[in-house]
Amino acid sequence: MSKRSEAPDAGASPSSGPSQRYREKWNWDTTAWASHCINCYPGNCQYRVYVKDGKIVREEQAGTYMPVEAGVPDMNPMGCQKGNAWSQMLGSPERVLYPLKRAGERGEGKWTRVSWDEALSDIADATLDAIQESGPESILQVSTPNEGGLMAGMLFGRVIEKLGGMTTDVNADINDFNPGLYMTYGKVNSASSVDDWFHAELTLVWHRNPVYTAIPWYHFVLESRYNGGEIVVIAPDYSPSAIHSDYHVAVEPGSDAALALGMCQVIIEEGLYDGKFVREQTDLALLVRADTRRFLRQPELTGAGRDDQFYAFDARTGGVAEVPRTTLDLGEIEAALEGRFEVTLADGSVVEVAPVFQFLKDELADYTPEKAAAICGADAEMIRSLARKVATRRTNLLLGFNAGKYYHGDLIERSMCLLLGLTGNWGKKGTGTRSWSVGMFDGAYLYSMKEKAGREEALRVLAMRDMIAAGVKMQDPTMTDEMTSFELMRMSAAMGNTVPPAFLWYYHCGYAERWNKPEWNDPAIGDGFDSRMQEAISKGWWQGLNRPGPDAPPKVMFEIGGNFLRRMRGGQELLLENFWPKLNMIVTVDWRMHTTGMYSDIVLPVALSYEKLTFHIPTPDILNLTLSDAAADPPGETKPEFEIFHLLAQKIEERAAARGFVEYRDSRGATRRLDNLVSSYTLGGEINTPEKLADEWIQDTATFGNLPEGTDLQTMREQGSVRFTNWGAVPFAVAQASDLEPDSTHNPFRWHTEKNMPYPTLTRRAQFYIDHDWFVEAGEQLPVHKPNPQQGGDHPLVMTSGHARSTVHTTNAVNLMMMQTHRGEPSVMLSPADAQGRNIGPDDKVCVFNDLSEFVCAAKISPAVRPGQVIMYNGWEPYQFDEWKDPSSIEPGMVKWLHLAGGYGHMRYWLMQCQPIPIDRGIAVDVVKA
Ligand code: SF4
């Protein structure tokens, strides 16, 4: 009898054979709610985890989301292949199960297993040495959206803040930022709920590849077709998302501003723009002086008054009129959009002025469809056709974090916003563009201000915050609540220890030389990066946040849940040569051994999702608080972050007491104490377990009104996820500027479009004209197209990137099951034309190189790739490449000099906003057979 005929167990006892083994698979002792609390935006997929004999045996998508809005599909089942394979990682070979201490040279791969006590003692001693020898600012945490979930980052933040250490701004560290959105709206944090995508009549998938990166939510894009919606993918390559689109518009990498401006030209030329929206919501009606190219301001017109009072030309009266600052409603003013006018200034001189719209119209003469097509490579008739569609349909510009990673990504995004602004396409369902946001979970965010446990203390903290806000508003009563919340963040940024990391990179990591290369920059940089840096600092644009200064190198570095050596553009060679020798102690806190861990001195092992109680970072895209519970005990000696940082605080206190070193001052003169770290961490000992912390956060959040009344940890354990009921006080959530309704999809900016609430910009309107000195000098006061600089040298190909389908960043990069979904090794994609010209065949090893360095990997040859383009989907570990050299080795990690500009209206730093960000797209390379 063949084996095959043996397989069915007909006649066999139901308690034996394959059917029984199959049934056993569906047996379990307990279940728990969970998610994957990593940097997976917007994440929050609710999973159910099954446990047998104390071990996780499998997980599945919970599929428990209720429909939100009648007629709109629900979010079920939410999940992706990484989530479905998560349990495979719990026992994976890269897992670190015990504290490890370096036994050889950094990176040599020799480790000694040590006790928690020994590891923490070494870290505590190195920390105290650094504080005593160089001051507390020599303790550095490089930021990342932690793999430990919400708890990890916030809890270590509490320790490092008490010490007076320094933290880098996460948004520049990872560059998931949209500089052009910030410049236009004064905020980046707009994010519609994913189900709102369903309402779009036209979806422009632009600088995004949602088929790879938005797997749980992409169905809303496809389902928009039930409304007659069309899907257009704009990308250089025939991307995986293009396969599912109605149109693919192929463009040269980095030329998207020309495409967007070509469409704007058609819309204005054909009179398709929304005049009311343009006049009220944008700055396009404001008057600009022809001689200075600056806005006409009150002091020059009247001899006194506000520098941020602007004017329009009122066609009704035939004169200039003050544009209201407290509302977008223009009232009786019939603001002219076109024309040139003469105005007599306070000093008696007469100057010519024109609305921004007129200047824009003049500029757009350089972007007729034919001229734009010559730049971007799209067909001129396609530009016309697309422009007419955008002008007449609810358009959702499904933007990702790709555009901002180009040198002129700000101009690309400003041009996209202009297209939406001309056509009235934001602030109503199915429209707008997006970035990221967090918030609503105010119990967690305001926790750091609490001095003791309980609701009364939570309300005291909120009242204190409101009192400070009221004080800020008293200085300028015309500020909206949104503006006030941003100003509070700016105040705390200036006093706090979170710094834009560009200064760390410039002074200590070896980037200055390449940032000063004129040929890798836009020519408008003038005398060079050094000169711009000096000017920006001397003018006080960075409010003393240009730290750590050249004479204050960090001594101890913590990497918690991130992978600095993989993530940094410019790569490990640069960092290992310039930054690593300055550090006396490098500590990695993570669940696995990654490249940074390999070059660390101590690695502390962490419990993974399913093994610890935490939450996914809540976002407006999903609008749920999602619990991830401890379904099973952590393996080996791994611990939840809550416990690790608690132990570290105890150890620092203990070692400090032994030294008799209890009090010191930081560089700003603030007194710091080392005998209250644990008390501060646990709120006087009351919050001493993850359960107590979680319950405190949830109950405080419900007390603030952001969760249903009475919600606590028990509620979460029963339901898994709970929908938020209010935005709360966190500025990123306040920036949504729309009512949060229980039975409606969320689209941001409706307070602006429906209630005429001003925007948090200098002009209090969506601002397309930036008359900052540097912007005028660079010719970027209006959105324009500029060619991508030849970063990396004079090479014929352009390397682009994006997330691979198989990773959430690098977390899953070496997961065996994930690697089985592709070739299991890094690969780069080439067009047949470029491969043939270089005698490269499928799967050949190729060397990708430029002036900086090189890396070697397999070639995938695909006609989907645009000739001249090299696509390197990222997410690989450097140690998966020959000699551990990965693509970041050839990414110069440039920053755009113009992003050092500040001191102008909304263009002033606050947390996760408005700062220099690293560039890794559009890099000049060549490829040869290895
Ligand atoms: Fe959802 Fe992220 Fe988990 Fe995938 S990894 S299932 S997208 S939370």
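If you're wondering where the values come from, they're calculated on a predicted model, not measured in any experiment.

Student: Looking at this structure, how should I read the overall build of the chain?
Tutor: For the chain, the helix and strand inventory stands at 35 helices and 31 strands. Once the C-alpha set of the chain is aligned to its principal axes, its extents read approximately 90 × 75 × 55 Å. Counting every position in the chain, which comprises 930 residues, the buried fraction comes to 64%. Taking contacts inside the chain between residues at least 6 apart in sequence as the whole, the part at least 24 apart equals 74%. Entry remark: accessible area of the chain is about 31,900 Å², with carbon and sulfur atoms responsible for 50%. Considering the chain, the positive charge centre built from 89 side chains and the negative charge centre built from 122 side chains are found 2 Å apart.

Student: Could you clarify how one ought to interpret empty space enclosed by the protein in this entry?
Tutor: If you roll a probe as big as a water molecule over the atoms, it shows you where there is empty space left. Within this structure, the stated rule accounts for 10 cavities of 30 Å³ or more. The volume enclosed by the largest cavity comes to roughly 120 Å³. Taken together, 18 residues line the largest cavity, and the ones lying closest to its centre are His36, Cys40, Cys45, Cys80 and Gly83. By volume, the second largest cavity is sized at about 80 Å³. Around the second largest cavity sit Phe177, Pro179, Tyr182, Met183, Leu898, His899, Ala901, Met907, Cys914 and Gln915, which together line it.

Student: Looking at this structure, how should I read the site of the ligand?
Tutor: Close to the ligand lie 13 residues; His36, Cys40, Cys45, Tyr47 and Cys80 are nearest. When each cavity is represented as a set of grid points, the ligand is found to reside in the largest cavity.

Student: Got a minute to help me understand the packing of helix α15 (residues 369-376) against helix α16 (residues 380-392) in this structure?
Tutor: For any two helices packed against each other, one specifies the inter-axial angle together with the distance between the axes. It is at 8 Å that the axes of α15 and α16 come closest, and there the two elements cross at 115°. As far as their axial angle goes, α16 and α15 are roughly perpendicular. Seen from above, α15 lies across α16 with right-handed handedness. Judged by residue contacts, Pro369, Glu370, Ala372, Ala373 and Cys376 of α15 engage Ala380, Ile383 and Arg384 from α16. Tallied by class, residues from the contact of α15 with α16 come to 6 nonpolar, no polar and 2 charged.

Student: Help me understand the sheet that holds strand β22 (residues 624-628) in this model?
Tutor: Strands pair in a sheet through their backbones, by hydrogen bonds, and they do so in one of two ways: parallel or antiparallel. Read from one edge of the open sheet, 3 strands run β21-β22-β25, paired in antiparallel fashion. Pairing within the sheet leaves two strands with one partner each, and these edge strands are β21 (614-615) and β25 (721-723). Across 2 bridges, β21 lies against β22 in antiparallel orientation. By the bridge assignment for β22, Phe615 is matched with Leu627.

Student: So what exactly am I meant to see when it comes to the sheet that holds strand β29 (residues 854-861) here?
Tutor: The strand order around the closed barrel built from 6 strands is β26-β30-β27-β29-β28-β31, with neighbouring strands paired in mixed fashion. Each strand axis lies, on average, 45° off the axis of its neighbour in the sheet, ignoring direction. Summarising the sheet, strand β28 (residues 845-849) and β29 pair through 5 bridges and their orientation is antiparallel. Its bridge partner lying in β29, Phe849 is registered against Glu854.

Student: Sorry, what's going on with the nonpolar core here?
Tutor: Soluble globular proteins tend to bury their nonpolar side chains together. In terms of nonpolar packing, the biggest core is built from 203 residues, with Trp206, Leu259, Trp505, Phe579, Trp580 and Leu604 touching the most fellow members. By residue number, the principal contributor to this core is helix α11 (residues 256-269), which donates 10 residues. Setting aside anything within four residues of it in sequence, one finds Phe579 in contact with Leu140, Leu504, His508, Cys509, Pro554, Met557, Phe564 and Leu574.

Student: How should the environment of Pro73 be read in this particular structure?
Tutor: Summarising the element assignment, Pro73 is placed in the loop between β3 (55-61) and α3 (81-84). Pro73 sits 632 residues away from Gly705 along the chain, and the two C-alpha atoms are 27 Å apart. What Pro73 contacts, discounting residues up to four positions off in sequence, is Asp195, Phe198, Phe220 and Glu223.

Student: What's the story with a nonpolar patch on the surface in this structure? I'm lost.
Tutor: Taken together, the side chains of Tyr22, Trp26, Trp28 and Val57 make up a nonpolar region of the molecular surface, amounting to roughly 410 Å² of accessible area. In this fold, Trp26 is placed in the loop between α2 (17-25) and β1 (30-34).

Student: Would you take a moment to explain the environment of Ala778 for this structure?
Tutor: By the element assignment, Ala778 lies in helix α33 (residues 773-778). Ala778 gets classed as buried once you look at its relative accessible area, which sits at 8%. For the pair Ala778 and Ala524, spaced 254 residues apart in the sequence, the C-alpha separation amounts to 5.2 Å. In contact with Ala778, not counting residues within four places along its chain, are Ala524, Lys786, Trp897 and Leu898.

Student: Hey, could you run me through the side chain of Thr763 in this one?
Tutor: Residue placement: Thr763 occurs in the loop between α32 (750-755) and α33. Not counting residues within four places of it along the chain, the set of residues in contact with Thr763 comprises Asp283, Leu286, Phe295 and Phe310.

Student: I'm lost on the pattern of salt bridges in this one. Help?
Tutor: Opposite charge on two side chains permits pairing when their charged atoms draw close. Per the stated rule, a full pass over the model turns up 72 salt bridges. Here Arg297 ties to Asp771 by a salt bridge, and the two come within 2.6 Å at their closest N and O atoms. Within this pair, whereas Arg297 is found in the loop between β11 (287-289) and α13 (298-302), its partner Asp771 is found in the loop between α32 and α33, the two being separated by 474 residues in sequence. The class of Arg297 is buried, set by a relative accessible area of 12%.

Student: Would you take a moment to explain helix α5 (residues 116-134) for this structure?
Tutor: Since the α-helix packs 3.6 residues into each turn, any two residues three or four apart lie on the same face. Here α5 contains 19 residues, and its C-alpha end-to-end distance of 26 Å stays within 8% of the 27 Å for a straight helix at 1.5 Å per residue. Those residues of α5 that sit buried are Trp116, Ala119, Leu120, Ser121, Ile123, Ala124, Asp125, Ala126, Thr127, Leu128, Ala130 and Ile131. Of the residues one or two after α5, Gly135 is the one with positive phi, at around 95°.

Cut-offs used in this document
- Residues numbered from 1 in each chain as written.
- Predicted model: local features only at pLDDT ≥ 70, side-chain atom pairs only at ≥ 80, totals over all residues.
- Heavy atoms only, no water.
- Helix = DSSP H or I, 4+ residues; strand = E, 2+ residues; numbered from the N terminus.
- Buried < 20%, exposed > 50% of the residue type's maximum accessible area, 1.4 Å probe, protein only.
- Contact = heavy atoms within 4.5 Å.
- Areas by Shrake-Rupley, 256 points an atom, 1.4 Å probe, with all protein chains shown as cover.
- Lys, Arg positive; Asp, Glu negative; His and termini not counted.
- Charge placed at Lys NZ, Arg CZ, Asp CG, Glu CD.
- 1 Å grid on protein atoms, 1.4 Å probe; cavity = no way out; pocket = protein on both sides within 12 Å on 5 of 7 lines; lining within 4 Å.
- Points joined across faces, edges and corners; volume = space filled by probe spheres on them.
- Near = heavy atom within 4 Å.
- Sits in = over half its atoms within 2 Å of the grid points.
- Axes fitted to C-alpha atoms, helices over the stretch in contact; angles between N-to-C directions.
- Parallel < 35°, antiparallel > 145°, perpendicular 65-115°, else oblique.
- Left-handed = near helix turned anticlockwise from the far one by under 90°.
- Nonpolar A, V, L, I, M, F, W, Y, C, P; charged D, E, K, R; others polar.
- Pairing = 2+ DSSP bridges.
- Core = buried A, V, L, I, M, F, W, Y, C linked by side-chain atoms within 4.5 Å.
- Patch = residues over 30% accessible without salt bridge, like charges linked within 9 Å, V, L, I, M, F, W, Y side chains within 5 Å.
- Salt bridge = Lys/Arg side-chain N within 4 Å of Asp/Glu carboxyl O.
- Expected span 1.5 Å × (residues − 1).

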